[in-house]
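# Coordinate analysis (summary)
So the chains spell out like this:
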Amino acid sequence: MPSDFAKKFPTTRIILDGMESPVQKPKCPLAQQATFSTYKNKNTAKVVVGASPGGLVTHIPTAYGGSTSDRQLVEHSGLMRACDRGDSIMVDKGMNVQDLFAPSDIEVNIPTFLKKGNQFHSKTLARDRKICQRASSY
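Now for a description of the structure that goes with this document. The structure presented is a predicted model; accordingly, all values stated were derived computationally and were not measured. (Residues numbered from 1 in each chain as written. Predicted model: local features only at pLDDT ≥ 70, side-chain atom pairs only at ≥ 80, totals over all residues. Heavy atoms only, no water.)

With that settled, the discussion passes to the overall build of the protein chain. The secondary structure content of the protein chain amounts to six helices and seven strands. For the protein chain, the N- to C-terminal ordering of α and β elements is α-β-α-β-β-β-β-α-α-β-α-β-α. Intrachain contacts of the protein chain at a sequence separation of at least 6 include 46% that bridge at least 24 residues. For the protein chain, the accessible area works out to roughly 8900 Å², and carbon and sulfur atoms hold 53% of it. (Helix = DSSP H or I, 4+ residues; strand = E, 2+ residues; numbered from the N terminus. Contact = heavy atoms within 4.5 Å. Areas by Shrake-Rupley, 256 points an atom, 1.4 Å probe, with all protein chains shown as cover.)

All right, on to the pairing of strand β3 (residues 42-51) then. Most of β3 is tucked away: eight of the 10 residues are buried. As defined by bridge partners, strand β1 (residues 12-22) adjoins β3 across eight bridges and the pair is classed as antiparallel. The residue bridging I15 from the neighbouring strand is A51, located in β3. In this sheet, β3 lies alongside strand β2 (residues 36-37) in antiparallel orientation, the contact comprising two bridges. By the bridge assignment, S37 is partnered in β3 with K42. Between β2 and β3, which pair antiparallel in sequence order, lie four residues; one of them, N41, sits at a positive phi of approximately 60°. Pairing analysis gives two bridges linking β3 to strand β5 (residues 64-65), with the strands arranged antiparallel. Considered in β5, the bridge of A45 is made with G65. Note that β3 and strand β4 (residues 57-59) share two bridges and pair antiparallel. Across the sheet, residue G50 finds its bridge partner in β4, namely H59. Here β3 folds back onto β4 in antiparallel fashion, the turn holding five residues, of which G55 has a positive phi close to 100°. (Buried < 20%, exposed > 50% of the residue type's maximum accessible area, 1.4 Å probe, protein only. Pairing = 2+ DSSP bridges.)

Relative to the assigned elements, A82 resides in helix α4 (residues 79-82). By relative accessible area, which is 42% here, A82 ends up partly exposed. Once the C-alpha coordinates of A82 and H59 are considered, the two residues, 23 residues apart in sequence, prove to be 9.9 Å apart.

Okay, the side chain of T44 next. In this structure, T44 sits in strand β3. A residue is classified by how much of its surface remains accessible, and T44, at 1% relative accessible area, is buried. A polar atom in the side chain of T44 sits 2.7 Å from the side chain of E20. Apart from the residues within four sequence positions on either side, T44 is in contact with E20, S21, P22, V23, T35, S37, Y64, G65 and G66. (Polar contact = N/O pair within 3.5 Å; in protein donor to acceptor, adjacent residues only side chain to side chain.)

What follows covers the pattern of salt bridges. Enumeration according to the criterion identifies four salt bridges in this entry. Among the charged side chains, a network of salt bridges with common partners joins R13, D84 and D87. (Salt bridge = Lys/Arg side-chain N within 4 Å of Asp/Glu carboxyl O.)

In this section: the pairing of β1. Direction of pairing for β1 relative to strand β6 (residues 88-90): parallel, over a ladder of three bridges. Bridge pairing in β6 links I15 to M90.

This is the structure in structure tokens:
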């Protein structure tokens, strides 16, 4: 684990991010519906990829159709069982999965995002800067 990251986020086990890849439009209407991504406005396969803080890809679960939410992907991934009590994971701002990991005492680090017209609190800004500084140093 990079030393700067280890100081700021010592218990981070995995960093998660969702990705979508275009697929050929299925002929079957049910398959079209299951693979259609409103985010990409096309048919896609979707997966949540996990990497160690050192950058090694450690988790690629089964791909699902583009209509599947990031939350559903995490629920089906088995990651809650792969982490130990006291670990933490880092996820992108749109991945609202804190409640899935809370019963196992696994912290979810997620950058804060603003609604229109609001401002960050100074403590929130400082915490998010820690996350961003690590990401930009690669």
